[in-house]
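Understanding the architecture of this molecule
What follows is the residue order along each chain.
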Amino acid sequence: MESFIGRTLAGRYEVLELIGRGGTADTYRALDKTLEREVAIKVLIDRSDNVNQRFLREAQAMARLNHACIVQVFDVGQESGISYIVMELVRGKTLRDLEGGSISYRQALTYLIDILDALEYAHNDGIIHRDIKPSNIMTVEDGRHVKVMDFGLARRTSDMTQTTQTGQIVGTIGYLAPERFLSKPADVRSDLYSVGIVMYEIFTGTVPFRNDKDDLVATIFSHVHDAPTPPHEINRNIPEPLERVIMRAIDKDPGKRYQTARDFINDLQVLLSPTPAKKPQAERRAPTQTHPDLRQALDRALAPSRNRNDAFEAVLKGMLCTRRRQYDEAKEFFMSALHELAAADNRLEYAKTALKYGTMILQKASDGLREREELRDGVNKLNEALEVFRDYDLAEQMGETEYLINALERTAIGY
């Protein structure tokens, strides 16, 4: 893969190091030798016509926006057939990369307000982001605020469509509003829905619509047809006022969601208030009110989601290591996930993780790397999982678990 480290673009931007990699573009830290400041340079690696057009649209959209919570564009150019955007260098992490336990309830709500403030500014300028998700939200180095980045899918409201000319859905499936899958016009409320999904994930540790087998069709069907699990059923510490805000933001009917970013911000500010604030304007749903113990409740609400986030991240890493046949690392990640889920008393996710752990052990054994104690441990954890799946009447998972138990027991015979 081509690297630009050491090159100087446009005679002024000295490329220093790779700091981010995406499907269509890489991002580098660079030095603007003219102004003697560090910048970020996004270099297009996919040079197809439609990607080039999208890349240019991102530069045009971001260059129009001058807001403290939006990553600023300084320059755009081409050199030797290479397209690039020169942007503000933000030192920090994305919301996706934040470590569990590193964000408080006040930070969470402040971050959400920053995101919405940025979107309100963009919306008022006629620009819809269309791809709000944790990996497109960058925390600044001091951790107090965030900046919205990657307007690569942005469109002006006067030219809004939810698909490409070939009908391909654009955006990230887990965070897209239902109307985006139904060939209906998308508008500012589609962005606000995505913020609601991010909010749901922050406080529960998961997105409301996902499929354990990465079945995109099933996930899309769920977005359009399934009611989301109320957040307090995942994290019982979530107070009712917070849940009302989340559920309104992700209502399937755009008419029942927040109609503007400002409406959304107003209710989040109520949640931040230590005492009851001015009553929000009348809506179709009951207005959000502040409870005297809301701050303590929110702190309790975030704690289990941190465990859940850590666990899901460990599971994904364990699965990746399994595919690479890095079994020692995979075992370490799965053990960490099981520990976190047990601490959170999340029996169902514990059982699903035990199923993945057992699959890893069987694959390892099939590669000739059998360990007696590990086989026994796998069977024990799978037996625990089987009881949970029986309690939830999950026939498919029960069948998979029974198969794995039998396979591991046969593998252990004579060993």
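See the structure above.
Scoring rules and cut-offs
Residues numbered from 1 in each chain as written. Predicted model: local features only at pLDDT ≥ 70, side-chain atom pairs only at ≥ 80, totals over all residues. Heavy atoms only, no water. Helix = DSSP H or I, 4+ residues; strand = E, 2+ residues; numbered from the N terminus. Contact = heavy atoms within 4.5 Å. Areas by Shrake-Rupley, 256 points an atom, 1.4 Å probe, with all protein chains shown as cover. Expected span 1.5 Å × (residues − 1). Buried < 20%, exposed > 50% of the residue type's maximum accessible area, 1.4 Å probe, protein only. Arc of directions from axis to C-beta. Pairing = 2+ DSSP bridges. Salt bridge = Lys/Arg side-chain N within 4 Å of Asp/Glu carboxyl O. Phe/Tyr/Trp six-rings, centres within 6.5 Å; stacked < 30°, edge-to-face > 60°. Lys NZ or Arg CZ within 6 Å of the ring centre and 35° of its normal. Axes fitted to C-alpha atoms, helices over the stretch in contact; angles between N-to-C directions. Left-handed = near helix turned anticlockwise from the far one by under 90°.

A look at the overall build of the protein
Helix and strand counts for the protein stand at 12 helices and 10 strands. Restricting to contacts in the protein with at least 6 residues of sequence separation, those with at least 24 account for 62%. A total accessible area of about 20100 Å² is found for the protein, and carbon and sulfur atoms account for 47% of it.

A closer look at helix 9 (residues 327–343)
Note on helix geometry: an α-helix contains 3.6 residues per turn, so any two residues three or four positions apart are oriented the same way. Given a rise of 1.5 Å per residue, 17 residues ought to cover 24 Å, and the 24 Å separating the end C-alpha atoms of helix 9 matches this to within 8%. Of the residues making up helix 9, those classed as buried are Y327, A330, F334, A337, L338, E340 and L341. With its buried residues spanning 165 degrees around the axis, helix 9 presents them on a single face. Across helix 9 from its buried face, at more than 90 degrees, point the exposed residues D328, E332, H339 and A343. Looking at the residues trailing helix 9, positive phi occurs at D345, about 55 degrees.

Concerning the pairing of strand 3 (residues 25–32)
Burial within strand 3 is extensive, with seven of its eight residues counted as buried. With seven bridges connecting them, strand 2 (residues 13–21) and strand 3 associate as antiparallel partners. Within the sheet, the bridge partner assigned to E17 lies in strand 3 and is R29. Sheet topology note: the strand 3/strand 4 (residues 37–44) ladder contains eight bridges and is antiparallel.

A few points about unusual backbone geometry
Within the chain, E36 stands out as a residue other than glycine whose phi angle is a positive 55 degrees. Residue placement: E36 occurs in the loop between strand 3 and strand 4. Note on E36: relative accessible area 70%, which makes it exposed.

Looking at the environment of F55
Mapping F55 onto the fold places it in helix 1 (residues 49–63). Residues within four places of F55 in sequence aside, it is in contact with A25, K42, V43, L44, S83, Y84 and I85.

Some thoughts on the pattern of salt bridges
For the coordinates displayed, the defined rule picks out 24 salt bridges. A salt bridge links E17 to R29; its shortest N-O distance comes to 2.7 Å. Highlighted residues: E17 in strand 2 and R29 in strand 3, separated in sequence by 12 residues. On the basis of relative accessible area, E17 is assigned to the partly exposed category, the value being 34%.

Let's talk about the packing of aromatic side chains
Within a pair of aromatic rings, the relevant descriptors are the distance that separates the centres and the angle that separates the planes. Using the criterion set out here, one finds four aromatic pairs in the structure. Arranged with centres 6.5 Å apart and planes meeting at 70 degrees, the rings of Y13 and Y84 form a pair that is edge-to-face. Remark: Y84 occurs in strand 6 (residues 82–88) and Y13 occurs in strand 2; sequence separation between them is 71 residues. The buried category is assigned to Y13, whose relative accessible area is 2%. Judged by its relative accessible area of 4%, Y84 is buried. Just above the ring of F74 sits the side chain of R37; from NZ or CZ to the centre is 3.9 Å. When the ring centre of Y258 is taken as reference, the NZ or CZ atom of R248 above it lies at 4.0 Å.

Regarding the sheet that holds strand 6
As summarised here, the arrangement of the six strands in space is 1-2-3-4-6-5, forming an open sheet in which the pairing is antiparallel. Each edge of the sheet is formed by a strand with only one pairing partner; in this case those strands are strand 1 (8–9) and strand 5 (73–79).

Notes on the packing of helix 10 (residues 347–366) against helix 12 (residues 395–412)
Look at helix 10 against helix 12: their axes get within 10 Å of each other, and the N-to-C directions meet at 35 degrees. Relative to helix 12, helix 10 is oriented so that their crossing is left-handed. From helix 10, L355, G358, T359, I361, L362 and A365 reach across to helix 12, where they touch E400, T401, L404, A407, L408 and T411.

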